[in-house]
Amino acid sequence: MLRKAKIEDAQAIQNLICFYSEDGKMLFRSLEEIEQAISDFRVYEKSGEVIGICNLKYGWEKLVEIRSLGVDPRYHRRGIATQMIKDSINQALLNQSCDTVFVLTYAIPLFEKLGFKIIAVAFSVRDRVCSQSVVSCLPVHFFNQIILANYVTDWGALFYANS
């Protein structure tokens, strides 16, 4: 069941974030940061256990970021992340000033499955090896666009395009 997170979920949310941040697939968030932003988190619960998480970050005029999207590996490939992404888009639509949603992710096939298209390719040099970053976008509902960017840790930058 997908629902709004409660303060009691903060530790379970952090556990999933820690799991994915250990190998650099998600940015670490402290328990205090999670508790302060708990109203912006959604969780997927099964049998009383939090098995999926997603956070919407508001605060940049018309931009909303989907972040900290993760599903317990025991429940991968069951449509949970897809449900959470669709729910995030719907939640962002409730914010009247929002016209763009973006995400930094390694889960490019997941977002492509939802209709995202590549609009730009950029490169980062780390230890003289190039790693590819894919930026995609998809017009949805009232949004001008939705941005998908592959997060490259040595950039520390966000790449997106406005139409």
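It should be emphasised that the depicted structure is a prediction, and the values quoted were computed from it without experimental measurement.

**Quick notes on the packing of aromatic side chains**
We describe a pair of aromatic rings using the distance from one ring centre to the other and the angle between the two ring planes.
Working step 1: Across all of its chains, the model carries 1 aromatic pair by this definition.
Working step 2: Each ring, one from Phe19 and one from Tyr20, has its centre 5.0 Å from the other, and the planes form 85°; the classification is edge-to-face.
Working step 3: Given the relative accessible area of 43%, Phe19 is considered partly exposed.
Working step 4: Judged by its relative accessible area of 13%, Tyr20 falls in the buried class.

**Quick word on the pattern of salt bridges**
Working step 1: Taken as a whole, this structure holds 7 salt bridges when the rule is applied.
Working step 2: For Asp87, the salt bridge is made with Arg42, and the minimal N-O distance between the two is 2.8 Å. A residue pair is termed long-range when its members are at least 10 positions apart, and Asp87 in helix 3 (residues 80-93) and Arg42 in strand 2 (residues 41-46) qualify at 45 residues.
Working step 3: Judged by relative accessible area, which is 13%, Asp87 ranks as buried.
Working step 4: Here Glu49 and Arg74 are joined by a salt bridge, their closest N and O atoms 2.6 Å apart. In this pair, Glu49 is assigned in strand 3 (residues 49-60) and Arg74 in the loop between strand 4 (63-71) and helix 3, connecting sequence segments 25 residues apart.

**Side note on the pairing of strand 3**
As a general feature of sheets, a regular strand has side chains that alternate between the two faces.
Working step 1: Where strand 2 lies against strand 3, 6 bridges are found, and the strand directions are antiparallel. Each residue of the ladder has a partner; that of Tyr44, found in strand 3, is Gly52.
Working step 2: Between strand 2 and strand 3, which follow one another and run antiparallel, lie 2 residues, and Ser47 among them has a positive phi close to 50°.
Working step 3: Relative to strand 4, strand 3 runs antiparallel, the two being bridged by 6 bridges. Across the sheet, the residue bridging to Gly52 is Val71, located in strand 4.

**Details of the nonpolar core**
Working step 1: In this structure, Val64, Ile66, Ile80, Ile85 and Val101 are the most contacted members of the largest nonpolar core, which totals 20 residues.
Working step 2: Those elements that provide at least two residues to this core are strand 3, strand 4, helix 3, strand 5 (100-104) and helix 4 (108-113).
Working step 3: Looking at this core element by element, the count peaks at 6 residues for helix 3.
Working step 4: Residues in contact with Val64, not counting those within four places in the same chain, are Leu56, Lys57, Tyr58, Ala92, Asn95, Cys98, Thr100, Val101 and Phe102.
Working step 5: Within the second largest apolar cluster, 14 residues are counted, among which are Ala5, Leu16, Tyr20 and Phe41.

**Quick look at the environment of Arg77**
Working step 1: Checked against the element boundaries, Arg77 lands in the loop between strand 4 and helix 3.
Working step 2: As for Arg77 and Leu110, which are separated by 33 residues in sequence, their C-alpha atoms are 10.0 Å apart.

Here is what the cut-offs are and how they apply
- Residues numbered from 1 in each chain as written.
- Predicted model: local features only at pLDDT ≥ 70, side-chain atom pairs only at ≥ 80, totals over all residues.
- Heavy atoms only, no water.
- Phe/Tyr/Trp six-rings, centres within 6.5 Å; stacked < 30°, edge-to-face > 60°.
- Buried < 20%, exposed > 50% of the residue type's maximum accessible area, 1.4 Å probe, protein only.
- Salt bridge = Lys/Arg side-chain N within 4 Å of Asp/Glu carboxyl O.
- Helix = DSSP H or I, 4+ residues; strand = E, 2+ residues; numbered from the N terminus.
- Pairing = 2+ DSSP bridges.
- Core = buried A, V, L, I, M, F, W, Y, C linked by side-chain atoms within 4.5 Å.
- Contact = heavy atoms within 4.5 Å.

By themselves, these figures tell us nothing about what the structure is for.
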